[in-house]
Amino acid sequence: MVNSCLSCSACTSGWENHCESATGPTLTSGGYLIQQGDNFTTLGAWSDRLVVREEFVVKIPPGLDISKVAPLMCPGTATYGPLKRFGIKKGDSVGIVGIGGPGHLAVMMAKAMGARVVAFTTSEAKKEVAEAIGADLVVLSTNKDAMNGLYRSLDYVLSTIPNAFDPSPYLATLKRRGTMTVMGLLGPYKGVLNNLSLAAWGLKLTGSMIGSVVETRETLEFFADNGLVPIVEMIKLDEINEAIGRLKKADVRFRFVIDLKA
Ligand SMILES: [Zn+2]
């Protein structure tokens, strides 16, 4: 996010990411959140120059490796925000669904907040790395017995699946009155959600996209204070075609960072 109206009730409460103006906030890439049909856009890291008003500039704390910071700006703050808002604390059982760019950051943060972390993945190959970054239990979401074994056992679930999926199996792992936040999915769920799963146990299903400026700042500080480091693969500009080919196969641990100086 590089701009917002700064005068609506959301902006004046420190929630620029929820700006209620006609355009919504101006995103770093892709222009306004709510398109106005005027072809206005922003190009993010593809820009020659970036003009950002000072309210939207955050300081990178000393001690954070600049080559590892970029993933914290979007997936980092979009997962830190809900973990903080829903008060994740020592002793909570927290499920993180999808161990990729945002998911691996969420595992690290939930662990650092003191939670017992259950990582859900469809990939057996991610078990080892999920454990290495703090998951206490890694569950293959395709394993029905393992999923049934977690029935009504988690305080909170954060999904980072970006594609249409069915949240029902994850809602079944929540304790009564628990909350599931879906970050990354910006379209319909797969199939039709049966509201009985929410109504019978008083569950809450919420969403997250980017964070506020304060949350973005706090995310950077949280990583610096806890000595956490996102896992990235550094590439040179001339390796970008190969990287995009690998991205299409979801073959990256866990974000590519382009070294523009190389
Ligand atoms: Zn506003």
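Above: the structure in question.
The present account deals with the structure reproduced in this document. Nothing here was measured: the structure is a model prediction, and the numbers come from that model.

Some details on helix α8 (residues 213–225)
The periodicity of an α-helix, 3.6 residues per turn, causes residues three or four positions apart to be oriented the same way.
Working step 1: In a regular helix each residue adds 1.5 Å, so 13 residues correspond to 18 Å; α8 covers 18 Å between its end C-alpha atoms and thus fits that length.
Working step 2: Every buried residue belonging to α8 is among Val213, Glu215, Thr216, Thr219, Leu220, Phe222 and Phe223, and all of these are buried.
Working step 3: Once α8 finishes, glycine 227 follows within two positions and takes phi at roughly 65°, a positive value.

Overview of the pattern of salt bridges
Working step 1: Counted under the stated rule, the structure contains 10 salt bridges.
Working step 2: For glutamate 218, the salt bridge goes to lysine 84, with nearest N and O atoms at 3.0 Å. Placement of glutamate 218 in helix α8 and of lysine 84 in helix α2 (residues 70–85) is noted, with a sequence separation of 134 residues between them.
Working step 3: Exposure remark for lysine 84: the relative accessible area of 43% places this residue in the partly exposed category.
Working step 4: Connected through salt bridges with shared partners, the residues Glu233, Arg246 and Asp251 form a single ionic network.

Observations regarding the coordination of the zinc ion
Working step 1: Taken together, Cys5 (SG), Cys8 (SG), Cys11 (SG) and Cys19 (SG) make up the protein donors of the zinc ion, found 2.3 to 2.4 Å from the metal.
Working step 2: Seen from the zinc ion, its 4 donor atoms lie at angles of 103 to 120°, and the figure they make is tetrahedral.
Working step 3: We note that the donor set of the zinc ion lies within a single chain, spaced as C-x2-C-x2-C-x7-C. Of this pair, cysteine 5 sits in the segment before α1 (9–12) while cysteine 19 sits in the loop between α1 and α2, and the two are 14 residues apart along the sequence.
Working step 4: The partly exposed category is assigned to cysteine 5, whose relative accessible area is 30%.

Conventions and cut-offs
Residues numbered from 1 in each chain as written. Predicted model: local features only at pLDDT ≥ 70, side-chain atom pairs only at ≥ 80, totals over all residues. Heavy atoms only, no water. Helix = DSSP H or I, 4+ residues; strand = E, 2+ residues; numbered from the N terminus. Expected span 1.5 Å × (residues − 1). Buried < 20%, exposed > 50% of the residue type's maximum accessible area, 1.4 Å probe, protein only. Salt bridge = Lys/Arg side-chain N within 4 Å of Asp/Glu carboxyl O. Donors = N, O, S within 2.8 Å, 3.2 Å for Na, K, Ca; no water. Tetrahedral: all angles 85-135°; square planar, octahedral: opposite > 155°, others 65-115°.

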